[in-house]
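Take a look at the letters that make up each chain.
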Amino acid sequence: MRHIAIVGSGPAGYYTAEACRNIFGDGGRIDIIDRMPVPFGLIRTGVAPDHQSIKAVSKRYEAVALTDTVRFVGNISVGKDVSIAELVSLYDAVVLATGAPQDRPLGIPGADLPGVVGSAAFVGWYNGHPDYARLNPSLHGTDAVVIGNGNVALDVARILAKTPEEFAGSDIVAHAREALAQSRIRHITLLGRRGPHQIAMTPKELGELGRLERAGPRIDPTDLPDEGADALLEPGQRKSVMLLREFAANPVARPVTIDFDFYAMPVAIEGEGHAQRVVVERTALDEMGRSHGTGEHYAINASLVVSCIGYQTPVIDGVPYEHGRGRFASDEGRILPGLYCVGWARRGPTGTIGTNKPDGLMIAEKIAQDIGEGADKPGRPGLDALLGQRGVDVITFRDWQNIDAEEVARALPGAPREKFTDVEDMVRAAGKLTGQAAAE
Ligand code: NAP
């Protein structure tokens, strides 16, 4: 028997579990461990609440989780309830599928002012991640700056721009729905340190900006490179740039504006006790496409600044780490004997959810090569005994289904669910809280 532990129940974790199940069949036992009492990681708390079709992939993960060979072990904090070394001693292979849940630091003066938040926090807030449910971002001013030209920046700008009615059918959480309904933000600036040809926005997501009820994108046509140069772009990127050209050619007057400010590098955030403006340096690109400051500065008003410049994987003591790249140090997923990484924890925060499928298969094949028939490790019963000794309450997939049913029952008409945003409420809904705590 081979015993596999996967830490993290997001897309990378589930695709790895699926691949291990397919390779080992009944000769493998796979435990997917998560810090949260609820599964699916980024699908639940990263993917935008108004992108329900993307979230539907969790149905596939559910099918994996409901087999005898794969088990969800929720509410277990690796590093606190059980250590990596203990997991490695209990399982033939331990796979870190922990994603990249931390914001890359912006590292400019004023980045710690109130009113400045990272996308992990802001996205976690509107998606009801328990770590960020109390973020309370500043929506009292009229101007927001969103730093970055990737899909996360697009998500953030779109969520800030939408009317309450446009959230119908989404699973945006109540606290965000209510705060955004009161938001006074009317001008959103998307800061890109490079140009239209260098955006990291995909066409489907970019196209949505052109279909908002009260908001419209604005682009300075003089920022666009000569159209002939588009031929050198790969097809997806060319499509995105064509959309930018359409936006530039057809400006619409809407009460909420989303301005693309290209060749614009934030160098400081200023304000008296709170963000009031972003100081920006105009950039130019060298022949390698890298941006360099030109010395020309200007300021953009902003009482909310959301930095969407990418993510990093948290460091775990004793696990080799590549600091410059914000991910575990590995040889294509092999970190140390018995310890692997997959998904964003392996390759950094790039690619779509689907990218994790081949990634999961690759790591499962490496594990199969490395562990053979398994080394008679304790596996599941060993973990259960350890957690039992420590009095740790596990949330199983069946328990999650209780939470799920309650969230669905609480939903607004037409919405898929109303999420719990507090771990204790999740555990209570799972039927796992007893005594006084359950009664409160
Ligand atoms: P990303 O695609 O890597 O974009 C990061 C952006 O931040 C880039 O425009 C980058 O510019 C800019 N940036 C980096 N450091 C900066 C700095 N110091 N100052 C100013 N700008 C800086 O990352 P992401 O948007 O976080 O997305 C992560 C991954 O999730 C991507 O693969 C994305 O496609 C995916 N995602 C997909 C969807 C979807 O499909 N619906 C939604 C959300 C996210 P440079 O290019 O100049 O470095």
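Every value quoted in this text rests on a predicted model; they were computed, and no experiment measured them.

*Asks:* Is there a simple way to explain the site of the ligand in this structure?
*Replies:* Residues in contact with the ligand amount to 22 residues; listed here are only the nearest, Asn 149, Asn 151, Arg 193, Arg 194 and Gly 351. Within the backbone of Asn 149, a nitrogen or oxygen atom sits 3.0 Å from an oxygen atom of the ligand. Interatomic distance of 2.9 Å between a backbone N/O atom of Gly 351 and an oxygen atom of the ligand. When the free accessible area of the ligand is taken as 920 Å², the share hidden by the protein chains comes to 80%. The element that contributes the greatest number of residues to the shell around the ligand is helix α7 (residues 151–161), accounting for three residues. Of the residues assigned to the shell around the ligand, the class counts are 10 nonpolar, seven polar and five charged.

*Asks:* What am I meant to see in the packing of aromatic side chains here?
*Replies:* For any pair of aromatic rings, the description rests on two quantities: the centre-to-centre distance and the angle between the ring planes. Enumeration over the complete set of coordinates arrives at 12 aromatic pairs. Judged by centre distance (6.1 Å) and plane angle (85 degrees), the rings of Tyr 321 and Phe 328 are edge-to-face. The exposure class of Tyr 321 is buried, given its relative accessible area of 16%. Phe 328 sits in the buried class, given a relative accessible area of 0%. The ring of Phe 420 is capped by Arg 410, whose NZ or CZ atom sits 4.0 Å from the centre of that ring.

*Asks:* Explain the sheet that holds strand β2 (residues 28–33) to me, please; I cannot follow it from the model alone.
*Replies:* Strands belonging to one sheet form pairs held by backbone hydrogen bonds; the direction of such a pair is parallel or antiparallel. If you walk across this open sheet you meet the six strands as β3-β2-β1-β4-β19-β18, and the pairing is mixed. The sheet is open, and its two edges are formed by β3 (70–73) and β18 (334–336), each paired on a single side. On average, each strand axis in the sheet is tilted by 25 degrees relative to the strand beside it, whichever way the strands run. When strand β4 (residues 93–96) meets strand β19 (residues 339–341), the two strands line up parallel, connected through three bridges. Following the sheet pairing, Leu 96 is matched in β19 by Cys 341. Sitting on the sheet, helix α13 (residues 379–389) touches β1 (2–7), β2 and β3, and the angle it makes with β3 is about 15 degrees.

*Asks:* How do you make sense of the environment of Asp 226 when you look at a structure like this?
*Replies:* As for its position among the elements, Asp 226 is in the loop between β9 (215–219) and α10 (235–249). Separated by 16 residues in the primary sequence, Asp 226 and Met 242 place their C-alpha atoms 12 Å from one another.

*Asks:* I'm lost on the pattern of salt bridges in this one. Help?
*Replies:* Any two side chains of opposite charge can pair, so long as their charged atoms come close to each other. This structure, assessed with the given rule, holds 32 salt bridges. Residue Lys 55 is joined to Asp 171 by a salt bridge in which the shortest nitrogen-to-oxygen separation is 3.9 Å. Residue Lys 55 is located in helix α3 (residues 52–55), and its partner Asp 171 is located in the loop between α7 and α8 (174–182); the two are separated by 116 residues in the primary sequence. In this structure, Arg 347 engages Asp 359 in a salt bridge whose closest nitrogen and oxygen atoms are separated by 2.9 Å. Within this pair, whereas Arg 347 is found in helix α11 (residues 344–347), its partner Asp 359 is found in helix α12 (residues 356–371), the two being separated by 12 residues in sequence. Residue Arg 347 shares its accessibility class with Asp 359, and that shared class is buried. Several salt bridges share partner residues, and in doing so they unite Asp 50, Asp 155, Arg 158, Lys 162 and Glu 208 into one network.

*Asks:* What is the right way to read the pairing of strand β12 (residues 277–285) from this model?
*Replies:* Along a regular strand, successive side chains alternate from one face of the sheet to the other. As defined by bridge partners, strand β11 (residues 264–270) adjoins β12 across six bridges and the pair is classed as antiparallel. Within β12, the position partnered with Glu 270 by the bridge is Arg 277. Linkage of β11 to β12, two consecutive antiparallel strands, is achieved through a turn of six residues, within which Gly 273 is found at a positive phi near 75 degrees.

Cut-offs and rules
Throughout, a residue's number is its position along its own chain's written sequence, starting from 1. Given that this is a predicted model, residues contribute local features only at a pLDDT of at least 70 and side-chain atom pairs are listed and counted only at 80 or more, while totals for whole chains, interfaces and linings are drawn from all residues. Hydrogens are left out, water is left out, and the side-chain values use all remaining heavy atoms of the structure. Here a residue is considered near a molecule or strand provided that any single heavy atom belonging to it is located within 4 Å of it. Identification of polar contacts relies on pairs of N or O atoms within 3.5 Å, with a donor-acceptor requirement for protein atoms, meaning one able to donate a hydrogen and the other able to accept it, and with residues adjacent in sequence counted only if both atoms are side-chain atoms. Throughout, the Shrake-Rupley method with a 1.4 Å probe supplies accessible areas, and for residues the shown protein chains are the sole cover considered. Secondary structure elements follow DSSP: runs of H or I of four or more residues count as helices, runs of E of two or more count as strands, with numbering from the N terminus. Only Asp, Glu, Lys and Arg are considered charged, only Ala, Val, Leu, Ile, Met, Phe, Trp, Tyr, Cys and Pro nonpolar, and every remaining residue, Gly among them, polar. Any Phe, Tyr or Trp ring, taking Trp's six-membered ring, that has another such ring centre within 6.5 Å forms a pair; planes under 30 degrees apart are called stacked, those over 60 apart edge-to-face, and the others tilted. Buried residues are those whose accessible area, probed at 1.4 Å on protein chains only, stays under 20% of the maximum for their type, while exposed residues exceed 50% and partly exposed ones sit between those limits. Look at NZ for Lys and CZ for Arg. If either is within 6 Å of the ring centre and within 35 degrees of the ring normal, a charge sits over the ring. Each pair of strands is called paired provided DSSP finds at least two bridges between the two strands. The axes are straight lines fitted to the C-alpha atoms, using for helices just the contacting stretch, and the angles between their N-to-C directions are given from 0 to 180°. When checking whether two residues touch, look at their non-hydrogen atoms; a contact exists if any pair is within 4.5 Å. The term salt bridge refers to a pairing of a side-chain nitrogen on Lys or Arg with a carboxyl oxygen on Asp or Glu at a separation within 4 Å.

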